[in-house]
Amino acid sequence: MAIKRYRLRLVIEALALVLGWSYFDALFSAELSSPIAQGVDVSSKPFEMNVYDASKSISHWNFSAEAIALSRSNSSVNQPLASTLPGSSSFAQTASIPASEVFNSNQFQQGSAVGPKLTLDYLGDSGYGFELSYFNVNNLNASNTIGPSNPGNWYIMKAPGFWQTQDFAYQGMKWASTTSLYSAEASAKFKASDSFNFLAGLRWLQLKDGLVGSLSPADQNVPLWKTGGCPPGVSGIGGITLSQTTQTCAAGAAIGGYPPFWSTSTKNNLLGLQIGAQGTILEIGRLSFGGSLKAGIFNNQVTQSNDVSITKIMYSASATSNQIAYSGEGVIQMKYLLASDLSIKMGYQLLWLDRVALAPGQIPYVYSGTGPTSVTARGVNASSNILFQGGTLGLEYSF
C-alpha cells in the first residue's frame, strides 16, 4: 500500500507542477505582450491588472458522455478469513489451538468494472460558470475457494465468540467480495486564465462493500454429527476428526444446502465540500492534454450489517455511525477535436477515499454470544482507505 500511495503522490505532484506552470506562464506571457513591455507610452492610462482578457471569452456549454473502467486497491484491511489445521485434529481443537492462515482479505484480486460518466459544464463571458458530473461502477467482484485438500485439512474462520469449519471432508471454504461506487458533484467554476479554472462545490459519494463466506460445494446432507450424531467410537461432538465426517451416520437427510455462514455489508454515504483546479497543459493542433486535481472533506454516515449462521440458524446485527472522511482525485486527459463542436476524450483517473468502512474490517466488531445465542455489532470500523483507478473513453459535444 505504501508503494501505491507513493505512486499516487508522484502523479498528483507532477500534475500540480504542470498545471501551476501553465498558469504562471499565461500570466507571464500576458505581461510581455502589454504596452509597457513593447515600449509604448501609457503614462496617461490608469494601471489595470486582469487575469484574463474577457473580450476573448465566449460563453459555451460542454456535454461529455464517457465509459469509465475502475479497479480498486485491496490492502488496507488485514483480516484473516481462513486458517487451516490437519484433518487429524479434533473438531474441538479447531476452536482452541492456533492455526495457520491460508487466506487474508487483502489477497482478493478484484477485476475492473465499467460504468457511465456524464459531465455538463458551462462557462460564461464573465469567467464564471458551473460543472455537474456523475459516474458509477457496480460489482467489482472477486472470490476465492480454499480446499478441499488431500489429505484433508480443516478450514477455519474465526470471529469474536464465533468459529466455523467445513461440515464435511469434501468441502472447502469460499469467500466472495463485491464493491460498488457512486459519485455526483456540483461545482462553481472560476476562470483564472484561458487554460486554467478553479472549482469549488458539493460532492456526494456512496461506497458499498460486501463480504460473504460459505462452504463449497454446499451441504448435500444435514451435518448430523454437529448435533450429536456418531461416528461410532467417538466420545462427544468435539472429538470427531475430519475423516470421520465421511461415515454414514455422520450425515442426516439430504438437503439443498444452507445460507452462507457469514455475510457482512457496509454502506458509506459521504456528503461534503470539495475544491480543485483544472486546466489544459498542452495544445498541438487538434490535440490537447489537460487534467484536474480535487480534494474533499465529508461527513460519512456509515452502516454495517451482518448475517451470521450459528448451528444453521441465522442471526442479524447492524450498527451506524457518523465520521469525518476525506477524498483526493486526479485526472489526466487527452482530447482530439474531430469537428468544430465534437471531440473524442481519453483519460486516466485516480480516486482515493480515506476513513471509510470496508466489509472485512467489521469482523472484529461483530460478537457472537452463547448465553443466550446472539450476534451483536459493536460499532463500526471506518478506519480503512481505498484507491480506485482506471481509464475513461468518450465523446464531448460543445455548443
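Remember, predicted model here, so these are calculated numbers, not experimental data.

(A) Just the overall build of the protein chain, in detail. A count of helices and strands for the protein chain gives two helices and 16 strands. When each of the 399 residues of the protein chain is scored for burial, the buried share is 43%. A separation threshold of at least 6 residues defines the contact pool for the protein chain, and within that pool the share at least 24 residues apart is 78%.

(B) Main features of the environment of Glu283. When you line up the elements, Glu283 lands in strand S10 (residues 262–284). Between the C-alpha atoms of Glu283 and Met334, which are 51 residues apart in sequence, the distance is 9.9 Å.

(C) Summary view of the layout of surface pockets. Put simply, the largest pocket is a space of about 1400 Å³. Lining the largest pocket are 50 residues, with His60, Asn62, Thr280, Lys335 and Glu396 positioned closest to its centre. Considering only residue class, the lining of the largest pocket consists of eleven nonpolar, 23 polar and 16 charged.

(D) Inspection of the packing of aromatic side chains at higher detail. All told, the structure shown has 16 aromatic pairs when counted by the stated rule. Taken together, a centroid distance of 5.3 Å and an interplanar angle of 35° make the contact between Phe91 and Trp163 tilted. Here Trp163 lies in strand S7 (residues 162–165) and Phe91 lies in helix H2 (residues 91–96), a separation of 72 residues in the sequence. For Phe91, a relative accessible area of 12% translates into the label buried. Relative to Phe108, the ring of Phe103 lies with its centre 5.2 Å away and its plane at 85°, an arrangement referred to as edge-to-face. Phe103 sits in the buried class, given a relative accessible area of 3%.

(E) Structural context of unusual backbone geometry. Looking along the chain, the bond that leaves Gly147 and enters Pro148 is cis, with omega of 0°. Here Pro148 shows up in the loop between strand S5 (128–146) and strand S6 (153–159). Residues Asn150 and Pro151 are joined by a peptide bond in cis, for which omega reads 5°. Phi at Asn139 takes a positive value of approximately 60°, unusual for a residue other than glycine.

(F) Spatial organisation of the sheet that holds S7. Read from one edge of the open sheet, four strands run S3-S2-S6-S7, paired in antiparallel fashion. Whereas interior strands pair on both sides, the edge strands pair on one side only; in this sheet they are strand S3 (100–104) and S7. Across the sheet, the axes of successive neighbouring strands diverge by a mean angle of 30°, strand direction being ignored. Examined bridge by bridge, strand S2 (residues 80–86) and S6 share four bridges and lie antiparallel to one another. Each residue of the ladder has a partner; that of Ser83, found in S6, is Ile156.

(G) Seen up close, the pairing of S10. Both strand S9 (residues 196–216) and S10 contribute to a ladder of 18 bridges, which runs antiparallel. Bridge assignment links Gln206 to a residue of S10, and that residue is Asn269. Across 22 bridges, S10 lies against strand S11 (residues 287–310) in antiparallel orientation. For Leu282, the partnering residue across the bridge sits in S11 and is Phe289.

(H) Spotlight on a nonpolar patch on the surface. Where nonpolar side chains cluster on the molecular surface, the patch consists of Ile281, Leu282, Ile284, Phe289, Met334, Tyr336, Leu338, Ile344, Met346, Leu393 and Leu395 and spans about 910 Å² of accessible area. Elements represented by at least two residues in the nonpolar patch include exactly S10, strand S12 (313–339), strand S13 (342–356) and strand S16 (384–398). Within the secondary structure layout, Leu393 lies in strand S16. A residue is classified by how much of its surface remains accessible, and Leu393, at 45% relative accessible area, is partly exposed.

(I) Structural view of the pattern of salt bridges. One pass over the full model with this rule turns up 15 salt bridges. Between Lys226 and Asp167 there is a salt bridge; the shortest N-O distance is 2.7 Å. Highlighted residues: Lys226 in the loop between S9 and S10 and Asp167 in the loop between S7 and strand S8 (172–193), separated in sequence by 59 residues. When its relative accessible area of 24% is taken as the criterion, Lys226 is described as partly exposed. The partner of Lys345 in a salt bridge is Glu396, with the nearest N and O atoms 3.3 Å apart. Note that Lys345 is positioned in strand S13 and Glu396 in strand S16, a separation of 51 residues in sequence. As far as burial versus exposure is concerned, Lys345 and Glu396 are alike and both buried. Several salt bridges share partner residues, and in doing so they unite Asp121, Glu131, Glu185, Lys189, Arg203, Lys294 and Glu329 into one network.

Cut-offs used in this document
Here the residue index of a chain counts from 1 through its sequence in written order. This being a predicted model, a pLDDT of at least 70 is required before a residue's local features are given, and a value of 80 or more before pairs of side-chain atoms are given or counted; all residues contribute to the totals for chains, interfaces and linings. Side-chain numbers come from the whole structure's heavy atoms, not from hydrogens or water. Strands are runs of DSSP state E lasting at least two residues, helices are runs of H or I lasting at least four, and both sets are numbered from the N terminus onward. Accessible area is worked out with a 1.4 Å probe on protein chains only. A residue is then buried under 20% of its type maximum, exposed over 50%, and partly exposed in between. The criterion used for residue contact is that any of the two residues' heavy atoms lie within 4.5 Å. Cavity and pocket criteria rest on a 1 Å grid covering protein atoms alone: a 1.4 Å probe that fits but cannot get out defines a cavity, protein on both sides within 12 Å along at least 5 of 7 lines defines an open pocket, and an atom within 4 Å of a point defines a lining residue. Grid points are joined across faces, edges and corners, and a volume is the space filled by probe spheres set on the points. Asp, Glu, Lys and Arg are counted as charged, while Ala, Val, Leu, Ile, Met, Phe, Trp, Tyr, Cys and Pro are counted as nonpolar; the rest, among them Gly, fall into the polar class. Pairing of aromatic side chains requires ring centres within 6.5 Å, counting the rings of Phe and Tyr and the six-membered ring of Trp. Pairs whose planes differ by under 30 degrees are stacked, by over 60 edge-to-face, and all others tilted. Strands are treated as partners if at least two bridges between them are detected by DSSP. Lines fitted to C-alpha atoms define the axes here, with helix axes fitted over just the stretch in contact, and angles between the N-to-C directions of these axes take values from 0 to 180 degrees. Candidate patch residues must exceed 30% relative accessible area and have no salt bridge, after which like charges are joined if within 9 Å and Val, Leu, Ile, Met, Phe, Trp or Tyr side chains if within 5 Å. We get accessible surface area from the Shrake-Rupley algorithm with a probe of 1.4 Å; when it comes to residues, only the shown protein chains can shield them. For this document, the term salt bridge refers to a Lys or Arg side-chain nitrogen within 4 Å of an Asp or Glu carboxyl oxygen.

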